[in-house]
Structures are given as C-alpha cells and as structure tokens.
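What follows is the residue order along each chain.
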Amino acid sequence: MRKIDVCLSPDLIELYNLSGKVVVVVDILRATSCMTTGIAHGVNSIKPVATLAECQELQFKGYTAAAERNGKKVDGFDLGNSPFDYMDEELRGKDIAVTTTNGTLAITKSMDAEQVIIGSFLNFSAIINYLKRIKHDVVVHCAGWKGKVNMEDSLYAGAVVDALNGQMDYACDAPKIVHSLYLQAKGNMLDFMQNSSHAKRLTKLSIQRDFEYCLKFDEFKNIPVLKGDHLMKMGISDMLI
Ligand code: 3SL
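These remarks concern the structure in this document. (Residues numbered from 1 in each chain as written. Predicted model: local features only at pLDDT ≥ 70, side-chain atom pairs only at ≥ 80, totals over all residues. Heavy atoms only, no water.)

### Here's the deal with the site of the ligand
As a matter of local geometry, the ligand sits amid 14 residues, with Asp 27, Asn 81, Thr 100, Asn 102 and Gly 103 nearest to it. Asp 27 is positioned such that a nitrogen or oxygen atom in its side chain is 2.6 Å from an oxygen atom of the ligand. Gly 103 is positioned such that a nitrogen or oxygen atom in its backbone is 2.7 Å from an oxygen atom of the ligand. Protein coverage of the free-state accessible area of the ligand, which is 290 Å², stands at 100%. (Near = heavy atom within 4 Å. Polar contact = N/O pair within 3.5 Å; in protein donor to acceptor, adjacent residues only side chain to side chain. Areas by Shrake-Rupley, 256 points an atom, 1.4 Å probe, with all protein chains shown as cover.)

In structure tokens, the structure reads:
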C-alpha cells in the first residue's frame, strides 16, 4: 500500500526522503491560498523565492513582485499576500515572483520531490482526487510559522489524511496526530482556526476577510504544480497517472 506522511514544519523537512514522492505544500494562511487563487484567476506563473533580494531582482527583470514579511506587504513590491490581491484582472497572463515568511520557504525546500503541488482548502477536492489517482507516496508539507507548528496547516494535513483514509498507510506518527486533531475539529473548524496564533496575528492586522476566504472549501478545481521553478496550472500532461 502507498504511504502518506506529514511534515509539520519546513525545519523538519531534511528528515524526510522526498525522492519519488508527491509533496503537497500547504500554507492555508495565506501563501498557498493566494497561489491557488492567482492561478485560478489566470496568472500565467508564480515563482516562489525564499528571500526579498531574489524577489526584487526578479521585479527588475519584469516580474510582478509580491512580498510579505510578518503578515504585511513589504514596501517597494507590487503585491502583498492577500488572496484578494491575486484576483486582479490585470494579473491575467502575468508572471509573478513571490516571497513570504513561511510558504515560499516550504516550497523551495520541497524541490527534491518527484512533484510539488500546492494545496489549500480552496482546491481541496481537486487535490484529493489527484492523490487518489496517482501511484506515488505522498508527503503533506506544512509551512507552519517560523519553524513552529501551526493549527491551520496541521488541520489541512489532517483533512487530507482523513479523505485518503484506508487507501494509504501512515509513514510515521505525524499523520495519526493530525488526523486525530482533524476529527476533533471537524464540526467546528472555524472556532479551532479562529483560536490559532496566526488567525490572531491576522486579526490584529485587520484582515479577517482573508481569514474567512482561506477557509472556504472547493472554490476552484485547479492544482498549481511546480514546473522547474515556476508554479503553473496543472495540465493533463503534468499528471503522474
Ligand atoms: O508565511 C507565509 O507564507 C504567509 O502566508 C504568512 S501571512 O499570512 O501573509 O502572514
């Protein structure tokens, strides 16, 4: 039987062998929710980079550049990290370079995988349907917050484990832990999330509408997939089926 594993923080990813595996990177609040939204709204590609300097360099080369640190847009960049920024019609067909505190770091640290895909609640069923069809082992890589574990990404990982229950063996205890957490939270996800440290951080920044948006299920059917070092909309030829 195939295996599913969960990495709760990018600081732990070195402990995982990603070779031959499909990695689902998740940063519910808000990086991977932004990426899913942007690609669904016609952005051509998104290049995740770890540092502000790399992102600025790409801005000089003609990319639209998005940068966030500590929840705030960084001065001098075109976009911040709100999913609503990524709905702008003007971005259709554009190439975006993006750096965020945790999400883009998790992506850049997943590059050894057979395939890296971008998960969020917004494309939850699309991700699950894809994972059910492929033959590969799966790792859900949670972006967390500055190396620490967070609630929203762990709950997402638990929801994925739950949806694939019975079809995959657990590679270690992490999938069991997030599954139990998810089963506990299932009936009142909003309360669980609202009490999370990052939700509180975002509330202080008055971005409650981003929070509510990122918790919506199945708004989109697309899956952003890493092709080389750019995220693009997954096409049939990208599917490992
Ligand atoms: O850390 C990240 O990647 C961001 O998603 C954090 S924030 O939601 O923009 O604060």
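Once the structure has been displayed, the description carries forward.
### Let's talk about the pairing of strand E8 (residues 138–142)
The buried count for E8 comes to five of five residues, which makes it a mostly enclosed element. Of the two faces of E8, the one holding Val 138, Val 140 and Cys 142 and the one holding Val 139 and His 141 are both buried throughout. As paired elements, strand E1 (residues 3–7) and E8 share four bridges and run parallel to each other. Bridging across to E8, Val 6 finds its partner in Val 140. Examined bridge by bridge, strand E2 (residues 22–26) and E8 share five bridges and lie parallel to one another. Paired with Val 26 across the strands is Cys 142, a residue of E8. (Buried < 20%, exposed > 50% of the residue type's maximum accessible area, 1.4 Å probe, protein only. Helix = DSSP H or I, 4+ residues; strand = E, 2+ residues; numbered from the N terminus. Pairing = 2+ DSSP bridges.)

### Examining the pattern of salt bridges
Considering all chains together, one arrives at seven salt bridges under this definition. Here Glu 57 and Lys 61 are joined by a salt bridge, their closest N and O atoms 3.8 Å apart. The exposure class of Lys 61 is exposed, given its relative accessible area of 60%. Residues Arg 92 and Glu 89 are paired through a salt bridge, measuring 3.5 Å at the closest nitrogen-oxygen approach. A relative accessible area of 53% places Glu 89 in the exposed class. (Salt bridge = Lys/Arg side-chain N within 4 Å of Asp/Glu carboxyl O.)

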